[in-house]
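Fold and contact review
Listed here are the chains, written in short residue letters.
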Amino acid sequence: MAADVLLSVQGLTTVFDVGATPLVAVNDVSFDIRKGETLGLVGESGSGKSVTAYSLLRLVQPPGRVAAGRVLFQGRDLLALSEKAMCGVRGAGIGLVFQEPMAALNPVMRVGRQIGESLVVHGLASTRQARDRAVELLRAVKIVDPEKRVDDYPHQLSGGMRQRVMLAVALACKPPLVIADEPTTALDVTVQAQILDLLREMKRTFDLSLLLITHDLGVIAEVADRVAVMYAGRIVEEGPVRTIFRAPAHPYTQGLLASIPHGRTGERLVAIDGVVPNLAHLPPGCAFAPRCPSRLAECERAVPPDVRIDEDHRARCVLHAAAGAGAGR
Amino acid sequence: MNTPLVEVRGLTKHFTRGGGLFQKGTVVKAVDGVSFSIDEGETFGLVGESGSGKSTTGRCMLRLVEPTAGEVRYAGEDVLAFSSSRMRAARRHMQMIFQDPYSSLNPRMKARDIVDEPLIIHKLGSKQDREARVAELFRLVGLDPAHLDRYPHEFSGGQRQRIGLARALALEPKFIIADEPVSALDVSIQAQVINLLMDLQQRLQLTYLFIAHDLRLVRHICRRVAVMYLGRIVEMGDTEAIFASPAHPYTRALLSAIPVTDPDAPRQRVDLDPDSVSHDAALVEVAPGHLAAVR
């Protein structure tokens with residue numbers, strides 16, 4: 001593990017015990033996040049991107065369970081920690097921002113107390129200090145009149161302000177890593193732009209690493225340094241953001257980029273045929289093969305290897321298997 | 001120049017919020033004097049953010065919500081003056097598809113019955129005729145008639161939106177209001193549904209009002225567009241002209257907020273200064289066919 005790697009996820013596999021055979025929602029997922037870096041985890045609904053985040057925080061509830069893998073964070077394997085030690089990591093080591101702030105915030109608790117709560121829980125501040133810190137954090141996330149807003153309830157705030165409060169909650173203990181799960185999906189586009197600006201700024205001010213989970217490649221292009229693309233539980237491609245947008249290697253990534261409307265009036269959109277497969281009925285080979293325009297006979301036989309295309313770019317696709325060697329992760 | 005199929009003039013919907021026995025409520029002007037017209041065979045876009053009044057405008061046009069004031073003309077006739085039975089007959093020509101394919105289909109009805117229901121209500125055809133028609137509609141929207149006896153939960157989101165579309169098309173409407181028809185769908189599926197809407201428009205000579213918040217999508221399928229902000233249209237004109245030179249400060253802010261899918265593109269965010277918007281400014285022509293509410 002390189003010195004500047006903050007989080008290293010290795011072979012993470014999460015299954016849901018429903019029905020006769022367990023559903024594999026996250027399948028042998030590996031990635032690193034370096035200090036100060038933003039990794040964008042992109043995928044469509046059901047691809048396993050949110051389950052990945054919940055798995056590494058050990059927040060997956062039964063019938064779901066992490067079946068295999070290691071999550072190395074600051075030198076410790078989070079999956080091997082006691083529940084008590086894990087509680088020390090959540091909030092203090094890794095902050096979490098959810099998609100829907102109205103559902104994630106406590107509706108009957110003033111926002112100031114929610115922001116300060118983790119400081120008190122982790123023994124970092126007294127109740128009075130926590131309140132002062134909450135005001136500072138509200139100011140940091142650009143809430144106007146923080147001294148007044150600190151005593152507001154979530155319903156008194158707009159959607160964008162609630163998401164700012166969520167970010168303040170996540171940043172309270174100055175965690176080195178923040179996981180943001182679709183932080184702008186529920187917001188209007190002008191508010192989304194403000195929150196993305198804020199995320200970028202917070203990254204600098206707080207020297208953060210960020211795992212940004214989203215279905216929107218536009219958001220990825222705006223914020224991420226590197227991108228991992230998930231499909232049916234697996235990472236099918238990973239690389240620097242510029243490489244992924246300029247020279248995507250996996251046909252799924254190519255299809256996703258092509259299906260973003262960007263042309264002029266009246267042009268047809270480029271669609272990916274077919275539907276996202278049901279995890280209970282995955283094809284034996286590459287899960288994308290049934291929809292893939294470049295499919296070969298061998299794609300349907302075995303899961304393609306993780307091919308290293310160049311130093312920091314890999315794709316799970318046989319089209320590149322001849323050119324590169326196995327990624328060997 | 002085509003004749004307009006749909007004309008909306010001064011459409012207004014006020015909701016009263018709060019209030020009670022001893023207290024007067026406050027009036028919310030959800031739609032505040034909206035006017036536009038849609039030519040036959042055209043796709044007209046109505047864009048705005050949440051609370052801008054775009055969905056309420058669409059609902060008022062079909063009288064799913066009764067407007068407070070204004071005029072909605074369909075093929076020259078004033079829809080708002082129709083009696084309820086006349087309105088029911090008129091709805092054959094004007095249909096709506098909704099945003100959420102998960103909540104807009106009755107979960108206890110088979111796909112076949114969902115598509116068949118409007119035919120029964122309007123007493124169209126014998127049982128055999130209807131059965132053939134439902135299968136034909138299923139094929140028309142790209143669904144497999146072998147799945148007719150499935151329930152909504154057995155279909156994916158994109159397929160459910162196709163069922164909603166088949167139901168809307170059952171009565172052979174001329175005009176369809178599509179209210180955020182793809183915003184609940186994954187991006188790869190969005191493109192399929194948008195392409196289908198464009199194909200059907202050509203085949204069936206449909207006229208669309210396309211309500212959306214995604215400007216990239218609107219640019220793709222709408223020849224003309226109106227931008228709504230706080231219940232009013234603040235800018236209207238040819239889509240390409242508005243994208244090329246937005247005249248209203250809100251439109252400029254909205255366009256600059258679209259995430260650019262190019263990591264190297266320069267980012268020039270324009271923030272909206274609320275004071276720069278004059279709420280009583282009338283639409284004036286800033287270029288031929290391009291209107292904006294600016295002084």
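Fair warning: this is a prediction, and the values are worked out from it, not measured in the lab. (Residues numbered from 1 in each chain as written. Chains lettered and ligands numbered in written order. Predicted model: local features only at pLDDT ≥ 70, side-chain atom pairs only at ≥ 80, totals over all residues. Heavy atoms only, no water.)

To continue, consider the pattern of salt bridges. Residues and elements named next belong to chain B. The full count for this structure, using the stated rule, is 42 salt bridges over all chains. Note that Asp116 is salt-bridged to Arg130, the shortest N-O span being 2.9 Å. Taken as a pair, Asp116 in helix H3 (residues 111-121) and Arg130 in helix H4 (residues 127-140) lie far apart in primary sequence, 14 residues in all. One exposure class covers both Asp116 and Arg130, and it is buried. Residues Arg167 and Glu117 are paired through a salt bridge, measuring 2.8 Å at the closest nitrogen-oxygen approach. With a gap of 50 residues between them, Arg167 in helix H5 (residues 157-169) and Glu117 in helix H3 connect regions that are remote in the sequence. Owing to a relative accessible area of 29%, Arg167 belongs among the partly exposed residues under this scheme. Exposure remark for Glu117: the relative accessible area of 27% places this residue in the partly exposed category. (Salt bridge = Lys/Arg side-chain N within 4 Å of Asp/Glu carboxyl O. Helix = DSSP H or I, 4+ residues; strand = E, 2+ residues; numbered from the N terminus. Buried < 20%, exposed > 50% of the residue type's maximum accessible area, 1.4 Å probe, protein only.)

Before going further, it helps to examine the interface of chain A and chain B. The figure often quoted for interface size is the accessible area lost as the parts come together. At the interface, 39 residues of chain A touch 34 residues of chain B. Summed over the shared surface of chain A and chain B, the number is four salt bridges. Taking the shortest distance from any N to any O, the salt bridge between Asp264 of chain B and Arg246 of chain A comes out at 2.7 Å. Seen at the junction of chain A and chain B, the total is 14 residue pairs in polar contact (both at pLDDT 80 or more). Among the elements that make up the side of chain A that touches chain B, the one with the highest residue count is helix H8 (residues 189-205) of chain A (seven residues). Taken together, the residues of the side of chain A that touches chain B break down into 16 nonpolar, 10 polar and 13 charged. (Contact = heavy atoms within 4.5 Å. Polar contact = N/O pair within 3.5 Å; in protein donor to acceptor, adjacent residues only side chain to side chain. Nonpolar A, V, L, I, M, F, W, Y, C, P; charged D, E, K, R; others polar.)

Residues and elements named next belong to chain A. Along its sequence, chain A is carved into domain 1 (5-93 + 173-320) and domain 2 (97-172). Here domain 1 and domain 2 have C-alpha centroids that lie 28 Å from each other. Across the boundary between the two partners, domain 1 contributes 27 residues, which contact 21 residues of domain 2. With both chains or domains summed, domain 1 and domain 2 bury close to 1800 Å², and 66% of this area falls on carbon and sulfur atoms. Inspection of the domain 1/domain 2 interface yields one salt bridge. Lys142 is the partner of Glu201 in a salt bridge, and the nearest nitrogen-oxygen pair spans 2.7 Å. Counting every contact that joins domain 1 to domain 2 gives nine residue pairs in polar contact (both at pLDDT 80 or more). Within the residue set of the side of domain 1 that touches domain 2, elements represented by two or more residues are helix H2 (83-89), strand E7 (177-181) and H8. A total of seven residues in the side of domain 1 that touches domain 2 trace back to one element, the largest contributor, which is H8. The residue makeup of the side of domain 1 that touches domain 2, split by class, is 18 nonpolar, four polar and five charged. (Domains from an automatic or database assignment. Buried area = accessible area lost by both parts, 1.4 Å probe.)

Attention shifts here to the sheet that holds strand E1 (residues 4-17) of chain B. All names here are of chain B. Strand order in the open sheet made by the four strands is E2-E1-E4-E5, with antiparallel pairing throughout. At either end of the open sheet lies a strand with only one pairing partner, and these are strand E2 (26-39) and strand E5 (77-78). As paired elements, strand E4 (residues 69-74) and E5 share two bridges and run antiparallel to each other. Across the sheet, the residue bridging to Tyr74 is Glu77, located in E5. Docked against the sheet, helix H1 (residues 54-61) engages E1, E2 and E4, running at close to 115 degrees with respect to E1. (Pairing = 2+ DSSP bridges. Axes fitted to C-alpha atoms, helices over the stretch in contact; angles between N-to-C directions.)

Bringing the packing of H3 of chain B against H5 of chain B into the picture now. Residues and elements named next belong to chain B. Running from N to C, H3 and H5 point in directions that differ by 25 degrees, and their axes come no closer than 7 Å. In terms of orientation, H3 lies roughly parallel with respect to H5. Here the hand of the crossing between H3 and H5 comes out right-handed. In this structure, H3 uses Ala111, Ile114, Val115, Glu117 and Pro118 to contact H5, whose residues at the interface are Ile163, Ala166 and Arg167. Per-class residue counts for the contact of H3 with H5 are six nonpolar, no polar and two charged. (Parallel < 35°, antiparallel > 145°, perpendicular 65-115°, else oblique. Left-handed = near helix turned anticlockwise from the far one by under 90°.)

One pass over the full model with this rule turns up six aromatic pairs over all chains. Arranged with centres 5.2 Å apart and planes meeting at 85 degrees, the rings of Tyr231 of chain A and Phe288 of chain A form a pair that is edge-to-face. In this pair, Tyr231 of chain A is assigned in strand E9 (residues 226-231) and Phe288 of chain A in the loop between helix H11 (251-258) and strand E11 (306-310), connecting sequence segments 57 residues apart. Ring centres of Tyr229 of chain B and Tyr250 of chain B lie 4.2 Å apart, and the angle between their planes is 25 degrees; on these two criteria the pair is classed as stacked. Note that Tyr229 of chain B is positioned in strand E9 (residues 224-229) and Tyr250 of chain B in helix H9 (residues 249-257), a separation of 21 residues in sequence. Of the two residues examined, Tyr229 of chain B and Tyr250 of chain B, each falls in the buried class. What links up through ring pairs into an aromatic cluster is the set Tyr231, Tyr252 and Phe288 of chain A. (Phe/Tyr/Trp six-rings, centres within 6.5 Å; stacked < 30°, edge-to-face > 60°.)

Turning to the confidence of the model for chain A, a few remarks are in order. Detail in the predicted coordinates should be disregarded across regions flagged by low pLDDT. Here chain A averages 91 in pLDDT, and 97% of its residues register 70 or above. Note that residues 325-329 of chain A has pLDDT below 50 and, in this model, 14 contacts with residues that lie over four places away or in other chains. (pLDDT = per-residue confidence, 0-100.)

A word on the sheet that holds strand E4 (residues 64-73) of chain A. Residues and elements named next belong to chain A. Pairing within the open sheet is antiparallel, and its four strands lie in the order E2-E1-E4-E5. Each having just a single partner strand, strand E2 (23-34) and strand E5 (76-77) make up the two edges of the open sheet. As judged from the eight bridges shared by strand E1 (residues 5-16) and E4, these two strands associate in the antiparallel manner. By the bridge assignment, Thr14 is partnered in E4 with Val66.

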